[in-house]
Amino acid sequence: MTDPEDDPTYRAQQRAASARGLPPRGRRLALSDEQALAALARRIAEALPAGALLVLTGPLGAGKTTFVKFLALALGSEAPVTSPTYALVHEYPTPQGTLVHVDAYRLPDAAALVALGLDELRDRARLTVVEWGEVLLARETDAYQLALDRAGGDDADASEAGLHGATWLGQPER
Ligand SMILES: Nc1ncnc2c1ncn2[C@@H]1O[C@H](COP(=O)(O)OP(=O)(O)O)[C@@H](O)[C@H]1O
Ligand SMILES: [Mg+2]
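Residues numbered from 1 in each chain as written. Chains lettered and ligands numbered in written order. Predicted model: local features only at pLDDT ≥ 70, side-chain atom pairs only at ≥ 80, totals over all residues.

Participant: Report on unusual backbone geometry, specifying residues and quantitative values.
Facilitator: Despite not being glycine, L88 shows a phi value in the positive range, around 70°. By secondary structure assignment, the location of L88 is in the loop between α3 (64–74) and β3 (89–94). With 16 C-beta atoms counted inside 10 Å, the residue L88 sits in the partly exposed group. (Helix = DSSP H or I, 4+ residues; strand = E, 2+ residues; numbered from the N terminus. Buried ≥ 20, exposed ≤ 12 C-beta atoms within 10 Å, placed from the backbone.)

Participant: Report on the sheet that holds strand β2 (residues 52–57), specifying residues and quantitative values.
Facilitator: As summarised here, the arrangement of the seven strands in space is β1-β7-β6-β2-β5-β4-β3, forming an open sheet in which the pairing is mixed. Both edges of this open sheet fall to β1 (28–31) and β3, since each of them pairs with a single strand only. Shown here is a sheet whose adjacent strand axes are inclined to one another by a mean of 20°, direction ignored. Against the sheet, helix α2 (residues 34–47) contacts β1, β5 (125–131) and β7 (164–170), and its axis sits at roughly 135° relative to β1. Contacts from α3 reach β2, β3, β4 (97–103), β5 and β6 (144–150), with the element oriented near 170° to β5. (Pairing = 2+ DSSP bridges. Axes fitted to C-alpha atoms, helices over the stretch in contact; angles between N-to-C directions. Contact = placed C-beta atoms within 7 Å.)

Participant: Explain the site of ligand 1 to me, using residue names and the numbers behind them.
Facilitator: Taken together, 14 residues form the shell around ligand 1, and within it G63, K64, T65, T66 and H164 come nearest. Mapped onto the shell around ligand 1, the elements with two or more residues apiece are α2 and α3. Here the shell around ligand 1 is built from residues that sort into five nonpolar, six polar and three charged. (Near = placed C-beta within 6 Å. Nonpolar A, V, L, I, M, F, W, Y, C, P; charged D, E, K, R; others polar.)

Participant: Tell me what's going on with the pairing of β5, and back it up with residues and numbers.
Facilitator: Most of β5 is tucked away: seven of the seven residues are buried. Here β2 pairs with β5 via five bridges, running parallel. Each residue of the ladder has a partner; that of A52, found in β5, is L127. Pairing between β4 and β5: six bridges, direction parallel. From the neighbouring strand, D103 faces β5, where its bridge partner is E131.

Participant: Tell me about α2, and please be specific about residues and values.
Facilitator: Along an α-helix, residues three or four positions apart point the same way, because every turn accommodates 3.6 residues. Between the first and last C-alpha of α2 there are 20 Å, a value that for 14 residues agrees with the 20 Å anticipated at 1.5 Å per step. Those residues of α2 not exposed but buried are L37, L40, A41, I44 and A45. Taken end-on, α2 shows its buried residues confined to a sector of 130°, consistent with a single buried face. Exposed residues pointing more than 90 degrees away from the buried face of α2 are listed as Q35 and E46. The elements touched by buried residues of α2 are β1, α3, β5 and β7. (Expected span 1.5 Å × (residues − 1). Arc of directions from axis to C-beta.)

Participant: Before we move on, can you summarise the nonpolar core with the specific residues and values?
Facilitator: Among the nonpolar cores identified, the biggest contains 37 residues, and A41, F67, L71 and L99 are the most heavily contacted of them. Those elements giving two or more residues to this core turn out to be α2, β2, α3, β4, β5, β6 and β7. Looking at this core element by element, the count peaks at six residues for α3. With residues up to four places along the chain from it excluded, the contact list for L99 reads L71, A72, L75, S77, Y92, T94, A125, R126 and L127. (Core = buried A, V, L, I, M, F, W, Y, C linked by C-beta atoms within 7 Å.)

Below, the structure is given as structure tokens:
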């Protein structure tokens, strides 16, 4: 097995990511409490450019909706954030532009989300964030991905019940 840290291209990518304030790619960050999740949301909200699409993956209870709540706060919104389970799309005005919040759980595929107007929503949004968004990853090749988890990952500390974590996966390799 080769260590990715030995690869100069990998190291350059890691440096570029941290220069933009994004977390290191592929490494699980333990999130011991909601404050840690809020700090991660602030960091990501600041680093992602206008119009970015952020796909959140992870099981029920991993913290996806809570993360969106902290994203809204980070962008300066006072709107209450709730899971768009039935409406599928919520829009929150923020001083930086609209935060679009999608729940793709009940959508069969990416085409269904495109039919809902994803492209148009994205074009005018500060940030579009999609819970259960894995269906989008094959089509939206510029999407950023954050995988949230609960008591998972390879981290030895994560065996403690209820401990949340997040892995920044960034954009797919080109
Ligand atoms: N990092 C964290 N530390 C502690 N509790 C968390 C964390 N992230 C989420 N939670 C809690 O976990 C519960 C489920 O979170 P939620 O955002 O609804 O998950 P999801 O949208 O992924 O189903 C909520 O009660 C939330 O407060
Ligand atoms: Mg949710």
